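Structural description and commentary
Here is how the chains run, residue by residue.
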Amino acid sequence: MTTDKPERELVVEAGPEGGLVVGPIDRLLNLARKHSLWYMLFGTACCAIELMQTGGPRTDADRFGMVFRSTPRQADVMLLAGTITYKMASRVRLLYEQMAEYRYVIAMGSCASTGGLFQGSYAVVKGGDLIVPVDVYLPGCPPRPEALVEGLMLVQQKMEREPWLKKAHGKLPQPVDPWPEGAELHR
Ligand code: SF4
């Protein structure tokens, strides 16, 4: 029996020896990627406290397949959690480069999005998007753990729509790099 679903959906077919899932490989791969979203446990200021809370029992991000990793090499998502100073900018960039493709970035809170209340400071970067390409911006000072879970779910939605095989074969344009190697960091 085939369910009446649009062409891009996965369908379940009943066979003599059990069920079969039939559909585009992109959809299947994206389903697996989406439900194993690992975020990096890393923070630069007070928003990181909310980040730590996100893995706790109240918000329980694990139920969505989101778990933290303490190494960039096993993380899919970088969370810019906190104020980013110019001194830290190169460290943030290094961690981003150590993450495997395909990676995603969430700017958590007003500091990581725009510099926040420290925007006038000579020492603070005016937004994480000057260092790494950002996929999702979360407003708030700080955003609550629930907001961070929503941000992670937005990344899941983005993953779900990606033509994964085309992307893996480099057939899709790469995001614009805000801080290419050798360039000065924009102030
Ligand atoms: S947005 Fe608010 S809570 Fe987050 S790092 Fe900035 S000052 Fe701290």
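What this report covers is the structure whose coordinates are included nearby. (Residues numbered from 1 in each chain as written. Predicted model: local features only at pLDDT ≥ 70, side-chain atom pairs only at ≥ 80, totals over all residues.)

Here we take up the packing of helix H2 (residues 47-54) against helix H5 (residues 145-161). Two elements in contact, H2 and H5, have axes separated by 8 Å at closest approach and are oriented at 75°. Here H2 lies roughly perpendicular to H5, going by the angle between them. Of the residues in H5, those in contact with Glu 50, Leu 51, Gln 53 and Thr 54 of H2 are Pro 145, Leu 148 and Val 149. (Axes fitted to C-alpha atoms, helices over the stretch in contact; angles between N-to-C directions. Helix = DSSP H or I, 4+ residues; strand = E, 2+ residues; numbered from the N terminus. Parallel < 35°, antiparallel > 145°, perpendicular 65-115°, else oblique. Contact = placed C-beta atoms within 7 Å.)

Glancing now at H2. Taken residue by residue, H2 has Cys 47, Glu 50, Leu 51 and Thr 54 as its buried positions. When H2 is viewed along its axis, its buried side chains cluster within an angular range of 105° and face the same direction. (Buried ≥ 20, exposed ≤ 12 C-beta atoms within 10 Å, placed from the backbone. Arc of directions from axis to C-beta.)

Near the ligand you find Ala 45, Cys 46, Cys 47, Gly 82, Thr 83, Gly 109, Ser 110, Cys 111, Gly 116, Leu 117, Cys 141 and Pro 142, and these make up its full shell. Of all the elements, helix H4 (residues 109-114) adds the most residues to the shell around the ligand, at three residues. Of the residues contributing to the shell around the ligand, the split by class is seven nonpolar, five polar and no charged. (Near = placed C-beta within 6 Å. Nonpolar A, V, L, I, M, F, W, Y, C, P; charged D, E, K, R; others polar.)

The next point concerns the pairing of strand S6 (residues 104-108). Among the five residues that make up S6, five are buried, leaving the element largely enclosed by the rest of the structure. Residues Tyr 104, Ile 106 and Met 108 point to one face of S6 and Val 105 and Ala 107 to the other, with burial holding for every one of them. Assessed by its sense of winding, the connection that carries the chain from strand S5 (residues 77-81) through helix H3 (residues 86-98) to S6 is right-handed. Sheet topology places S6 next to strand S7 (residues 136-138); three bridges connect them, and they run parallel. Bridging across to S7, Ile 106 finds its partner in Val 136. You can see the chain leave S6, run along H4 and come back into S7, and the turn it takes is right-handed. (Right-handed = clockwise from strand over helix to strand, strands pointing away. Pairing = 2+ DSSP bridges.)

With respect to the helices and strands, the residue Val 77 is situated in strand S5. Through-space distance from the C-alpha of Val 77 to that of Gly 19 is 33 Å; in sequence the pair is 58 residues apart.

It is worth spelling out the nonpolar core at this point. Counting 37 residues, the largest nonpolar core has Val 77, Met 78, Leu 79, Leu 80, Ile 106, Ala 107 and Met 108 as the members making the most contacts within it. Those elements that provide at least two residues to this core are strand S3 (38-40), H2, S5, H3, S6, H4, S7 and H5. (Core = buried A, V, L, I, M, F, W, Y, C linked by C-beta atoms within 7 Å.)

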